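One-letter residues, chain by chain:
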Amino acid sequence: MSVVLAGLFVLFSAVMWRLRGGAFTTLTGVRLGTDQARIFGCVPAMVFAEVMAQNLGVSGWVRLGPLAVFAGLVEGGWAPFQEMGLMPADMPEASWMRWLPERLGFKIGTLGHDFIGMMLAGYVCMAPLAMLVLLTAGLYGCVVLLLAGLGFAPCYLLARLNFPAVKNFAEGQSWGEVFVGALIGAALMLIMYHSAGWSFL
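About the thresholds
- Throughout this document, residue positions are counted from 1 along each chain, in the order its sequence is written.
- The predicted origin of the model limits local features to residues at a pLDDT of at least 70 and limits the giving and counting of side-chain atom pairs to 80 or more, whereas totals for whole chains, interfaces and linings rest on all residues.
- Values reported for side chains reflect all heavy atoms of the structure, with hydrogen atoms and water molecules removed beforehand.
- Fitted lines through C-alpha atoms serve as axes, helices being fitted only where they are in contact, and the angles separating the N-to-C directions of these axes extend from 0 to 180 degrees.
- Under the DSSP-based scheme used, a helix requires at least four consecutive residues in state H or I and a strand at least two consecutive residues in state E, with every element numbered from the N terminus.
- Here the angle decides the label: under 35 degrees means roughly parallel, over 145 means roughly antiparallel, 65 to 115 means roughly perpendicular, and every other value means oblique.
- With the far helix as reference, a near helix turned anticlockwise by less than a right angle produces a left-handed crossing, and one turned clockwise produces a right-handed crossing.
- We call two residues in contact when some of their heavy atoms are within 4.5 Å.
- Polar here means any residue outside two lists: the nonpolar Ala, Val, Leu, Ile, Met, Phe, Trp, Tyr, Cys and Pro, and the charged Asp, Glu, Lys and Arg; Gly therefore counts as polar.
- To sort residues, take the accessible area from a 1.4 Å probe on protein chains only and compare it with the maximum for the residue type: under 20% means buried, over 50% means exposed, and anything in between is partly exposed.
- To be clear, the arc concerns the directions from the helix axis to the C-beta atoms.
- Classification of ring pairs uses Phe, Tyr and Trp, with its six-membered ring standing for Trp, and accepts pairs whose centres are within 6.5 Å; under 30 degrees between planes counts as stacked, over 60 as edge-to-face, and the remaining range as tilted.

A. Representation of the packing of helix α5 (residues 111–136) against helix α6 (residues 139–150). One way to put it is that α5 packs onto α6 with a least axis distance of 7 Å and a crossing angle of 160°. Taken together, the axes of α5 and α6 are roughly antiparallel relative to one another. The chirality of how α5 crosses α6 is right-handed. Seen from α5, the contacting residues are M118, M119, G122, Y123, M126, A127, L129, A130, M131, V133 and L134; seen from α6, they are L139, G141, C142, L145, L146, G149 and L150. Split by residue class, the contact of α5 with α6 holds 15 nonpolar, three polar and no charged.

Spelled out as structure tokens, the structure:
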């Protein structure tokens with residue numbers, strides 16, 4: 001697997017994660033509901049997984065990967081934490097995941113609260129995929145994906161550096177979604193490089 005191919009996959013992951021996170025609506029004007037957007041985000045991944053299963057000689061388990069990601073998205077969202085200490089445009093969203101930062105003494109709207117909450121949200125999001133990898137490939141891939149989930153928080157914190165706006169694609173904190181998508185793609189590439197015979201990809 002070439003470095004160029006790995007880089008293209010990371011870029012693909014970043015773009016698709018952002019499209020799922022709202023850029024599809026701003027680019028096309030078609031407004032998707034929350035669940036529809038989650039399904040939309042899984043469709044290209046399902047096509048990609050099917051191509052790999054049919055033509056590249058990898059395990060059929062790869063077909064379950066997009067469904068595992070969908071399950072992670074359904075379990076909980078990270079919108080309540082993505083501002084990373086900035087004042088939210090609307091009232092703070094309710095989230096069962098606030099219990100952890102609040103138990104640690106962080107108030108809603110603070111950087112500590114959002115950072116810890118985002119780590120938990122990312123961990124929850126990646127958990128189903130990590131468990132699938134654990135069952136089909138082993139511990140290494142599971143750990144990499146769970147660490148990537150914890151990495152959601154620094155990705156959104158990085159977005160606070162005020163990256164230039166790309167019209168109808170990303171601006172402000174929405175860059176965090178681009179970085180998260182790239183992180184997930186990089187985690188999958190790391191796992192594939194670690195073991196050419198990995199049964200999941």
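And the narrative resumes.
B. Quick peek at helix α3 (residues 65–75). Here α3 has its buried residues at G65, P66, A68, V69, G72 and L73. The arc that holds every buried residue of α3, seen down its axis, measures 160°, which confines them to one face.

C. How the structure looks around the packing of α3 against α5. Here α3 crosses α5 at 150°, and the two axes come no closer than 7 Å. What the angle tells us is that α3 and α5 run roughly antiparallel. In this structure, the crossing between α3 and α5 has a hand that is right-handed. Touching G65, A68, V69, A71, G72, L73 and E75 of α3 are V124, C125, P128, L129 and L132, all from α5. The residue makeup of the contact of α3 with α5, split by class, is nine nonpolar, two polar and one charged.

D. Quick look at the environment of G65. Tracing the sequence through the fold places G65 in helix α3. By relative accessible area, G65 is classed as buried at 6%. On a C-alpha basis, the gap between G65 and V133 in space is 8.6 Å, while along the polypeptide they are 68 residues apart.

E. Local environment of the packing of aromatic side chains. Counted under the stated rule, the structure contains six aromatic pairs. Each ring, one from W78 and one from F152, has its centre 5.4 Å from the other, and the planes form 90°; the classification is edge-to-face. Pair noted here: W78 is in the loop between α3 and α4 (99–103) and F152 is in helix α7 (residues 152–158), with a separation of 74 residues, a long-range link. Like W78, the residue F152 is buried in the burial classification. A centroid spacing of 6.0 Å and a plane angle of 25° characterise the contact between W175 and F179, whose relative ring orientation is stacked. A residue pair is termed a helical-turn pair when its members lie 3 or 4 positions apart in one helix, as W175 and F179 do in helix α8 (residues 175–194) at four residues. For the pair shown, W175 and F179 are each scored as buried. The rings of W17, W78 and F152 are connected pair by pair, giving a single aromatic cluster.

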